Amino acid sequence: MTDPRFHDQTVIVTGAGSGIGRATAQRLAAEGATVVAVDVSAERLRQVAAEISGRVVTVDGDLSDQLTVDRAVAAAGDRVDGLANIAGIMDGFEPTAEIADETWDRVFAVNVTAMMRLTRAVLPGMIARGRGAIVNVSSEAGLRGSAAGTPYTVSKHAVNGFTRSTAFFYTPKGVRCNAVAPGPVATNIEAPFRSAWAQERLGPLMQTNIPALAQPDALAAAITWLLSDDASDVSGAILPVDGGWAAV
Ligand SMILES: NC(=O)c1ccc[n+]([C@@H]2O[C@H](COP(=O)([O-])OP(=O)(O)OC[C@H]3O[C@@H](n4cnc5c(N)ncnc54)[C@H](O)[C@@H]3O)[C@@H](O)[C@H]2O)c1
């Protein structure tokens, strides 16, 4: 018998209360990890912790607050082997001329700044041990201009740049950093159309070009692969997990 892939490893998973984060937390725990599950919803975390039969520590709080980042890292203890930056929010499909500052700031705070701060916090320990894996969740909106509003699209392009730059600097130190770019996934993410122009421009594309909804487990499979030693030579990749949408 070989050990499970994440035997004796501690992995921080953000957005673990729902959707892709929840499926990833479940899969990691099933494969032997101690999971530090972070989410703004304490209620969702309680449910996930009850479902997981392995080791799980929960941290509830808003990741746009540095304090939540600090609490997540403290809860992990002295060794973080993996980090899955999954928590994210959408915009209201606003095109550039219709962006409200609050939407822009909130989308960036959650999708970009929180990811940066948590990654910045775990890197020194990973570098010191010469080993670590980070996976960020981008989006089809990180690969094209026609999958969301402008704030979300820009935030996910930023996720890609952050992933590549982090991989560039730290792969030689033993820390891999990759991203997955999902197409549509059946989760609880909210994406209300707040723009008539976006509806007119994107509506027809959404009826023709977009593949069927994926299940969160399909994303968890790709994320855990990138976190695992099975992907030992993969770093700086932005992996579309989108039913082939990126090929269109
Ligand atoms: N569902 C899709 O179609 C889709 C497509 C492409 C990319 N994504 C990305 O996948 C990731 C996961 O989204 P999902 O679809 O599973 O959505 P989801 O809403 O089902 O899950 C996201 C979780 O993140 C948590 N969260 C949100 N803001 C937070 C904050 N500030 N601090 C802590 N936790 C917070 C939510 O409470 C929720 O439990 C996101 O980054 C999203 O942009 C989703």
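Here the structure is shown first, and the text comes after it.
Treat the numbers as computed from the prediction; the structure is a model and nothing was measured. (Residues numbered from 1 in each chain as written. Predicted model: local features only at pLDDT ≥ 70, side-chain atom pairs only at ≥ 80, totals over all residues. Heavy atoms only, no water.)

**A few points about the pairing of strand 6 (residues 175-182)**
Here comes step 1: With 8 of 8 residues buried, strand 6 lies mostly within the body of the structure.
Here comes step 2: Of the two faces of strand 6, the one lined by V175, C177, A179 and A181 and the one lined by R176, N178, V180 and P182 are each fully buried.
Here comes step 3: Pairing analysis gives 4 bridges linking strand 6 to strand 7 (residues 238-241), with the strands arranged parallel. Residue pairing for strand 7: A181 is matched across the bridge by P240. (Buried < 20%, exposed > 50% of the residue type's maximum accessible area, 1.4 Å probe, protein only. Helix = DSSP H or I, 4+ residues; strand = E, 2+ residues; numbered from the N terminus. Pairing = 2+ DSSP bridges.)

**Some words on the pattern of salt bridges**
Opposite charge on two side chains allows them to pair when their charged atoms are near.
Here comes step 1: Counting across every chain of the model gives 10 salt bridges.
Here comes step 2: Here R5 makes a salt bridge to D230, at a shortest N to O gap of 3.1 Å. In this pair, R5 is assigned in the segment before strand 1 (10-14) and D230 in the loop between helix 7 (216-227) and strand 7, connecting sequence segments 225 residues apart.
Here comes step 3: What makes D230 exposed here is its relative accessible area of 52%.
Here comes step 4: One salt-bridge network, in which partners are shared between bridges, spans R5, R27, E31 and D230. (Salt bridge = Lys/Arg side-chain N within 4 Å of Asp/Glu carboxyl O.)

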